Amino acid sequence: MIIDQNENITIITQENASVIELVKKIESLYPKFKNNNVIVNLNTIKPISLQEIIEFLRVSNQHRAAKHSFVIVNEGIDADKTPDEIVIVPTLQEAHDIIEMEEMERDLGF
């Protein structure tokens, strides 16, 4: 797991651990980036199953409840088949765009 911090965004890149191991690491290190927007880059895992994406549901809900963005990046999963509570996009650029839009919505009180 590689963690990059850039301003108020933390990018977590999956190296070689399983998704379940990655979720456990994210949960254990959560206090480090709880005040940042989070991007989890899973493009190294192909294919990735819907069940593996659902593993992120608890941490995603926790982070979004704290008024921060949590975005998963993977180009191999159909975002229409994932739960609405999980934001998933195919590229890092789209993840940054989602965070920017969500920050504007929060600033406007939506």
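Placed above this text is the structure.
Residues numbered from 1 in each chain as written. Predicted model: local features only at pLDDT ≥ 70, side-chain atom pairs only at ≥ 80, totals over all residues. Heavy atoms only, no water.

Draft legend 1. The overall build of the protein, seen in detail. Counting its secondary structure elements, the protein contains four helices and five strands. Rg of the C-alpha trace for the protein: 13 Å, near the compact-globule value of 13 Å for 110 residues, within the 12% margin. The buried share of the protein, taken over its 110 residues, is 40%. At a minimum sequence separation of 6, the contacts of the protein that also span at least 24 residues come to 65%. Total accessible area computed for the protein in this model is approximately 6400 Å², and 50% of it derives from carbon and sulfur atoms. One finds the centroid of the 10 positive side-chain charges in the protein at a distance of 8 Å from the centroid of its 19 negative side-chain charges. (Helix = DSSP H or I, 4+ residues; strand = E, 2+ residues; numbered from the N terminus. Rg over C-alpha atoms; globule rule 2.2 N^0.38 Å. Buried < 20%, exposed > 50% of the residue type's maximum accessible area, 1.4 Å probe, protein only. Contact = heavy atoms within 4.5 Å. Areas by Shrake-Rupley, 256 points an atom, 1.4 Å probe, with all protein chains shown as cover. Lys, Arg positive; Asp, Glu negative; His and termini not counted. Charge placed at Lys NZ, Arg CZ, Asp CG, Glu CD.)

Draft legend 2. Geometry of the nonpolar core. In this structure, Ile 26, Val 40, Leu 42, Ile 53, Phe 56 and Ile 72 are the most contacted members of the largest nonpolar core, which totals 20 residues. Of all the secondary-structure elements, those providing two or more residues to this core are helix 1 (19–33), strand 3 (37–41) and strand 4 (70–73). Ranked by residues supplied to this core, first place goes to helix 1 with six residues. Ile 9, Val 73, Val 89 and Ile 98 belong to the second largest nonpolar core, which has ten residues in total. (Core = buried A, V, L, I, M, F, W, Y, C linked by side-chain atoms within 4.5 Å.)

Draft legend 3. The side chain of His 63, seen in detail. Relative to the helices and strands, His 63 resides in helix 3 (residues 57–65). A relative accessible area of 0% means that His 63 is categorised as buried. A distance of 2.8 Å separates the side chain of His 63 from the side chain of Tyr 30, its partner in a polar contact. What His 63 contacts, discounting residues up to four positions off in sequence, is Tyr 30, Phe 33, Lys 34, Asn 36, Asn 37, Val 38, His 68, Ser 69 and Phe 70. (Polar contact = N/O pair within 3.5 Å; in protein donor to acceptor, adjacent residues only side chain to side chain.)

Draft legend 4. Quick peek at the environment of Asp 80. Residue position: Asp 80 is located in the loop between strand 4 and strand 5 (87–89). In the structure, Asp 80 is positioned 27 residues away from Asp 107 in sequence and 27 Å away in space, judged by C-alpha atoms.

Draft legend 5. Focus on helix 3. All buried positions along helix 3 are accounted for by Val 59, Ser 60 and His 63. Looking straight down helix 3, one finds that the buried residues subtend no more than 100° of arc, so they occupy a single side. Among the exposed residues of helix 3, those pointing more than 90 degrees away from its buried face are Arg 58 and Ala 65. Check the buried side of helix 3 and you find it contacts helix 1, strand 3 and strand 4. (Arc of directions from axis to C-beta.)

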